[in-house]
Amino acid sequence: MSTKSKIALVVIIITAIFWLGGINIRAMVGYYLLQVGTLDFKPVLHPYVERAVFSLVAQSSIVIDVAYICLWIAGLVYLRTAKLQLKENGWLMICAILFYLFTPVEIYTMILDFKMWHLEYLGSDDLVEFRKLFIHRLAALSGVPMIALLSYYTAIIVVVIQPLRRKSPDIESKS
């Protein structure tokens, strides 16, 4: 492997940890506001607590979105510089498809994340606006972001198992 591909692989690993970890933490923090199994807000939350949770969601969205962009770019660099042939390494093709297929979904949710950040730092303190944006973010695209998340975890499993990997002809002839 070339130095560029090694650096890209390290960036992929680090940013994937921040990105997927951030998604899970943001979900845990955000779902604190909701009643279990619904998109209804808990009625007994103090407005200051609710505002603090919205602030945490907005701040974590920045980290998550920057990590996704870095991961996306590092993935392209790795695919271009690694000497792995996609025909011989079907697992790499599967991972690339699972990751890059949901780029439009991620861009759309990034726009919603930016609106949340904008409301947090440049907008008003109106809880109604935060609530509308938060529910819109959760219900965005009828659950496609959740399907995307499941495909990302599937890609991790594919990287570990590496199915559809062809053995090189040199190894087969020596056996």
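Anything mentioned here points back to the structure above.
Let me sum up the structure you'll find in this document. Quick caveat: nothing in here was measured; it's all calculated off a predicted structure.

**Examining the overall build of the protein chain**
A tally of regular secondary structure across the protein chain gives 7 helices and 0 strands. Secondary structure of the protein chain in N-to-C order comes out as α-α-α-α-α-α-α. Here the C-alpha radius of gyration of the protein chain, 20 Å, is well above what a compact globule of 175 residues would show, namely 16 Å. Structurally, the protein chain occupies a C-alpha span of about 70 × 30 × 20 Å along its principal axes. Put simply, the protein chain has 175 residues, and 37% of those count as buried. In the form shown here, the protein chain has an accessible surface area of approximately 10,900 Å², with 70% of it arising from carbon and sulfur atoms. Charged side chains of the protein chain number 16 positive and 12 negative; the gap between the two group centres comes to 12 Å.

**With respect to the packing of helix H2 (residues 47–81) against helix H3 (residues 90–100)**
Running from N to C, H2 and H3 cross one another at 150°; their axes reach a closest spacing of 12 Å. The orientation of H2 relative to H3 falls into the category roughly antiparallel. Helix-helix and strand crossings are classified by hand; for H2 and H3 the assignment is left-handed. Packed against H2, whose contacting residues are Tyr-68, Leu-71, Trp-72, Gly-75, Leu-76, Tyr-78 and Leu-79, the element H3 presents Leu-92, Ala-96, Phe-99 and Tyr-100 at the interface.

**Some thoughts on the pattern of salt bridges**
Applying the stated criterion to the full structure yields 5 salt bridges. Residue Glu-120 pairs with Arg-51 through a salt bridge whose shortest N-O separation is 2.6 Å. Of the two residues, Glu-120 sits in helix H4 (residues 103–121) while Arg-51 sits in helix H2, which places them 69 residues apart along the sequence. With respect to burial, Glu-120 and Arg-51 carry one shared label: buried. Salt bridges sharing partners connect three or more residues here, namely Arg-26, Asp-113 and Arg-137.

**Description of the nonpolar core**
With 27 residues, the main nonpolar core has Trp-19, Leu-20, Ile-23, Tyr-68, Tyr-78, Phe-99 and Tyr-152 as its most contacted residues. Secondary-structure elements contributing two or more residues to this core are helix H1 (3–30), H2, H3, H4 and helix H6 (144–161). The element best represented in this core is H3, accounting for 7 residues. Setting aside its immediate chain neighbours within four residues, Leu-20 contacts Leu-149, Tyr-152, Tyr-153 and Ile-156. Listed in part, the 16 residues of the second largest apolar core include Leu-45, Val-57, Met-116 and Leu-119.

**Side note on the packing of H4 against H6**
At a closest axis distance of 10 Å, the pairing of H4 and H6 adopts a crossing angle of 125°. Judged by the inter-axis angle, H4 sits oblique to H6. Crossing hand, H4 versus H6: left-handed. Residues Val-105, Glu-106 and Thr-109 of H4 lie in contact with H6, whose contacting residues are Val-144, Pro-145, Ala-148 and Tyr-152. Residues of the contact of H4 with H6, tallied by class, amount to 5 nonpolar, 1 polar and 1 charged.

Definitions and cut-offs
Residues numbered from 1 in each chain as written. Predicted model: local features only at pLDDT ≥ 70, side-chain atom pairs only at ≥ 80, totals over all residues. Heavy atoms only, no water. Helix = DSSP H or I, 4+ residues; strand = E, 2+ residues; numbered from the N terminus. Rg over C-alpha atoms; globule rule 2.2 N^0.38 Å. Buried < 20%, exposed > 50% of the residue type's maximum accessible area, 1.4 Å probe, protein only. Areas by Shrake-Rupley, 256 points an atom, 1.4 Å probe, with all protein chains shown as cover. Lys, Arg positive; Asp, Glu negative; His and termini not counted. Charge placed at Lys NZ, Arg CZ, Asp CG, Glu CD. Axes fitted to C-alpha atoms, helices over the stretch in contact; angles between N-to-C directions. Parallel < 35°, antiparallel > 145°, perpendicular 65-115°, else oblique. Left-handed = near helix turned anticlockwise from the far one by under 90°. Contact = heavy atoms within 4.5 Å. Salt bridge = Lys/Arg side-chain N within 4 Å of Asp/Glu carboxyl O. Core = buried A, V, L, I, M, F, W, Y, C linked by side-chain atoms within 4.5 Å. Nonpolar A, V, L, I, M, F, W, Y, C, P; charged D, E, K, R; others polar.

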